[in-house]
Amino acid sequence: ERNAGSGSLRKPRSFSAGPSGLASGGGKPDNIGSERGAGASQDIPASLLDDQMEDQYGTGMTLQDGDTGSESWDVDESTANLPDQVAGGTLCFCLPPATPNAANPDAPMNLRGFAEYITTSVWFERIILLAIVVSAVILGLESPISAYRLASLELIQVCDYVFFSIFAVEFVLKVLVLGFYWESEAAYFRSWWNVLDFTILASQVLDISGLSFLKNLRVMRVLRPLRLLNKIESLQLLLISVHSSAGDMFNVLLLWMFAFVVFGILGVNLFAGKLHMCNDGDFVGPPLNPSEADGSNIGYRDGCVGSFFTFENEAGESYVADSVPTGLLKPRVWSNPTDSASGEGYSFDNFGRSMQTLYEVSTFEMWSDPVFSIIDVTQAGQQPVVMSQRANVIYLHAWVVLSCFFVLQLVIGVLIDAINQKSGTALCTELQR
């Protein structure tokens, strides 16, 4: 019984424990105020019953008036009208809440009750999911170029009308159940996921209208697969977790930027001017380098002059074909390597170039070329010698481990922690998990 003005529920006054450990007056289970194995009913002291109820159900579970057989617990008054809130309140000031509901379990099913029955059906959700997936597949079959279109334009238009009808019916049913906006806290347009669904539906209306001046809006068709975000709760949890972890992600980014700057400065100090080389690998030794003995593999910038005859380009490939050697007369050029992922070459001559090279290495796109270049360096103004400084490989390997593995693990860890907090797993013990 509800106590007048007290906001609490009162149990019947007869409360005693029997052999089963249940209160004979309809009280709480789990042996509250009873001893295991007791064969007969017995009166329970109020103080002992208070202690046992608080231990098992929390501090809100206490007896009133000091009676052995009278107990009460606090109830949140904001949930008193929960059935009306769930039903969505009165829709448009004319449609009453869905019935039957918890407040009126014996009432006949009305229009909103029928809509609620449909939308809560498992098959309804499965049909909507299937429609989303198939509509995404149809989008993949379409192409603005008729020769590349995998399905006829007529079939695609029919599918557009069918899917629009399905999603429009879904919208109407959900509005009937939840209301528009002002009916309750659970109203349709109070959820951003539902707003996304409605935006996609509105864009679909503009798409199938066929108006020529709205032709550019057809690009919004690509938003249709985003309906899955409103259907799969795990995806919603992931996006919410990413949003909540943005601050921690930014801290990880700052850590990566700090390491980026440190390695960039270190690269300038170690390799500035040392990656330059002559495009003619055979200019080493005499006569172009008169200070070197015969057979020497040492060459200097001053000797990289004139022209040379070659059958291969800088990548070691034949100009025409391997079976048809074609030679070209080219000028000798002293420069940094030009073969890189960006097409701009790579070097450590200044801080900007150093940062660019490190970024390209972190993408693993043609990253082995800078690795081999730094282990061939000798000194500024001298032609690199193959494998002359093998220890230099530690520099780029350390950068790869830090930027591509360590920082990546930090990002994953931050995201997993955010997911655990949003899902409540972080608050559970090992046994509860």
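The residue numbers shown here count from 1 along each chain, following its written sequence. For this predicted model, a pLDDT threshold of at least 70 governs which residues receive local features, and a threshold of 80 or more governs which side-chain atom pairs are given and counted, while totals over whole chains, interfaces and linings are taken from all residues. To obtain the side-chain values, all non-hydrogen atoms of the structure were included, while hydrogens and water were left out.

Re the overall build of the protein
Put simply, DSSP H or I for four residues or longer makes a helix, DSSP E for two residues or longer makes a strand, and each gets a number counted from the N terminus. Helix and strand counts for the protein come out as eleven helices and nine strands. Residues classed as buried in the protein amount to 34% of the 433 residues present. Pairs at least 24 residues apart make up 55% of the contacts formed inside the protein by residues separated by at least 6 positions. Carbon and sulfur atoms make up 62% of the accessible area of the protein, which amounts to about 25500 Å² in all. A simple rule labels every residue: compare its accessible area, found with a 1.4 Å probe on the protein chains alone, to the largest value its type can have, and call it buried under 20%, exposed over 50%, or partly exposed in between. Between two residues, a contact is recorded if the distance between any of their heavy atoms is within 4.5 Å. In short, Shrake-Rupley with a 1.4 Å probe defines the accessible areas, and a residue's cover is counted only from the protein chains shown.

Here we look at unusual backbone geometry
A positive phi angle is found at Phe 364, which is not glycine, with a value near 65°. Within the secondary structure layout, Phe 364 lies in the loop between α9 (351-362) and α10 (368-374). Classification of Phe 364 as partly exposed rests on a relative accessible area of 36%. Look at Met 387: it is not a glycine, yet its phi comes out positive at around 60°. Relative to the helices and strands, Met 387 resides in the loop between α10 and α11 (393-423).

Remarks on the nonpolar core
Put simply, buried Ala, Val, Leu, Ile, Met, Phe, Trp, Tyr and Cys residues joined by side-chain atoms within 4.5 Å make one nonpolar core. By size, the foremost hydrophobic cluster in this structure holds 23 residues, and its most contacted members are Phe 271, Leu 275, Leu 358, Ile 374, Tyr 395, Leu 396 and Trp 399. Only α8 (246-271), α9, α10 and α11 provide two or more residues apiece to this core. Per element, the largest residue contribution to this core is seven residues, and it comes from α11. Apart from the residues within four sequence positions on either side, Tyr 395 is in contact with Phe 263, Gly 264, Leu 266, Gly 267, Leu 270, Phe 271, Phe 348, Ser 354, Leu 358 and Ile 374. Counting residues in hydrophobic clusters, the runner-up holds 19 residues, among them Ile 128, Ile 132, Phe 163 and Phe 171.

Considerations on a nonpolar patch on the surface
Like-charged residues are merged into a patch within 9 Å and nonpolar side chains (Val, Leu, Ile, Met, Phe, Trp, Tyr) within 5 Å, provided each residue has over 30% relative accessible area and no salt bridge. Should a side-chain nitrogen of Lys or Arg be within 4 Å of a carboxyl oxygen of Asp or Glu, the pair is scored as a salt bridge. Together, Leu 255, Phe 258, Val 262, Phe 406 and Leu 410 give the surface a local cluster of nonpolar side chains, amounting to about 450 Å² of exposed area. If you list the elements that add at least two residues to the nonpolar patch, you get α8 and α11. In terms of residue count, the dominant contributor to the nonpolar patch is α8 (three residues). Counting through the fold element by element, Phe 406 comes out in helix α11.

Things to note about the packing of α8 against α11
The description of two packed helices rests on the angle between their axes and on the distance between the axes. Note on definitions: angles span 0 to 180 degrees between N-to-C directions of axes, and those axes are lines fitted to C-alpha atoms, for helices only across the stretch in contact. Interhelical geometry of α8 versus α11 gives an angle of 175° and a closest axis separation of 10 Å. With respect to α11, the axis of α8 lies roughly antiparallel. Ten residue types, Ala, Val, Leu, Ile, Met, Phe, Trp, Tyr, Cys and Pro, are classed as nonpolar, four, Asp, Glu, Lys and Arg, as charged, and the remainder, Gly among them, as polar. Across the contact of α8 with α11, the residue classes break down as 20 nonpolar, three polar and one charged. Angle categories: roughly parallel below 35 degrees, roughly antiparallel above 145, roughly perpendicular from 65 to 115, and oblique for all the rest.

Points about the packing of helix α5 (residues 153-178) against helix α6 (residues 192-208)
Across the interface, α5 lies against α6 with an axial gap of 10 Å and an inter-helix angle of 140°. The hand of the α5/α6 crossing is left-handed. Contacts from Asp 160, Tyr 161, Phe 163, Phe 164, Phe 167, Ala 168, Glu 170, Phe 171 and Leu 178 of α5 reach α6 at Asn 194, Asp 197, Phe 198, Leu 201, Gln 204, Val 205, Asp 207 and Ile 208. Residue composition of the contact of α5 with α6, grouped by class: eleven nonpolar, two polar and four charged. Two helices crossing with the near one rotated counterclockwise from the far one by less than a right angle form a left-handed crossing, whereas a clockwise rotation gives a right-handed crossing.

What about a negative patch on the surface?
Together, Glu 312, Glu 317, Asp 322 and Asp 339 make up a region of like negative charge exposed at the surface. Among the structural elements, Glu 317 can be located in the loop between β7 (307-310) and β8 (328-331). Residue classification places Glu 317 among the partly exposed positions, given a relative accessible area of 49%. Charged residues are defined narrowly, with Lys and Arg counted positive, Asp and Glu counted negative, and His plus the chain ends left uncounted. To locate a charge, the coordinates of NZ of Lys, CZ of Arg, CG of Asp or CD of Glu are taken.

Quick look at the side chain of Arg 227
Summarising the element assignment, Arg 227 is placed in the loop between α6 and α7 (233-244). For Arg 227, which is buried and forms no salt bridge, the nearest opposite charge comes from Asp 197, at a distance of 4.2 Å. In this structure, Arg 227 is in contact with Ile 132, Phe 167, Glu 170, Asp 197, Ile 200, Leu 201 and Gln 204, ignoring residues within four places of it in sequence.

Overview of the packing of aromatic side chains
For this analysis, a ring pair means two rings from Phe, Tyr or Trp (six-membered ring only for Trp) whose centres lie within 6.5 Å, classed as stacked if their planes differ by under 30 degrees, edge-to-face if by over 60, and tilted for the remaining angles. Across all of its chains, the model carries 15 aromatic pairs by this definition. A ring pair is formed by Phe 171 and Phe 189, whose centres lie 6.3 Å apart and whose planes are at 65°; its orientation type is edge-to-face. Note that Phe 171 is positioned in helix α5 and Phe 189 in the loop between α5 and α6, a separation of 18 residues in sequence. Aromatic side chains Phe 171 and Phe 198 sit 5.3 Å apart centroid to centroid with 40° between the ring planes, which places their arrangement in the tilted category. Here Phe 171, found in helix α5, pairs with Phe 198, found in helix α6; they are 27 residues apart in sequence, far enough to count as distant. Residue Phe 198 is classed as partly exposed on the basis of its relative accessible area, which comes to 33%. Put simply, the rings of Trp 256, Phe 260, Phe 263, Phe 271, Phe 348, Tyr 395 and Trp 399 pair up and form one aromatic cluster. Charges are assigned to positions over rings by a cutoff of 6 Å between ring centre and Lys NZ or Arg CZ, combined with an angular limit of 35 degrees from the ring normal. In this arrangement the basic side chain of Arg 227 is found over the ring face of Phe 167, its NZ or CZ atom lying 3.8 Å from the centre.

Details of the environment of Leu 178
As for its placement among the helices and strands, Leu 178 is situated in helix α5. Sequence separation between Leu 178 and Tyr 188 is ten residues; the distance between their C-alpha atoms is 5.6 Å.

Details of the pairing of β7
Burial along β7 is one-sided: the residues Phe 308 and Thr 310 are buried and none of Ser 307 and Phe 309 is. Only strands that DSSP links by at least two bridges are regarded as paired with each other. In this sheet, β8 lies alongside β7 in antiparallel orientation, the contact comprising four bridges. Counterpart to Phe 309 in the pairing with β8 is Leu 329.

Overview of helix α4 (residues 122-141)
Any helix carries an expected span of 1.5 Å times its number of residues minus one. The end-to-end C-alpha separation of α4 is 29 Å, in line with the 28 Å expected for 20 residues at 1.5 Å each. Of all the residues in α4, the buried ones are Phe 124, Ile 128, Ala 131, Ile 132, Ser 135, Ile 138 and Leu 139. Each buried residue of α4 lies within a common arc of 130° when the element is viewed along its axis, so the set occupies one face. Of the exposed residues in α4, the ones pointing more than 90 degrees away from its buried face are Val 122, Trp 123, Leu 130 and Gly 140. Of the surrounding elements, those touching the buried residues of α4 are α3 (111-119) and α5. Polar contact is defined as a pair of N or O atoms within 3.5 Å, subject to the rule that within protein one atom must be able to donate a hydrogen and the other to accept it, and that residues adjacent in sequence are counted only when both atoms are side-chain atoms. Taking the backbone nitrogen of Trp 123 as reference, a side-chain oxygen 3.3 Å away marks Ser 121 as the first, capping residue of α4. Each C-beta atom gives one direction from the helix axis, and the arc is the one those directions make.

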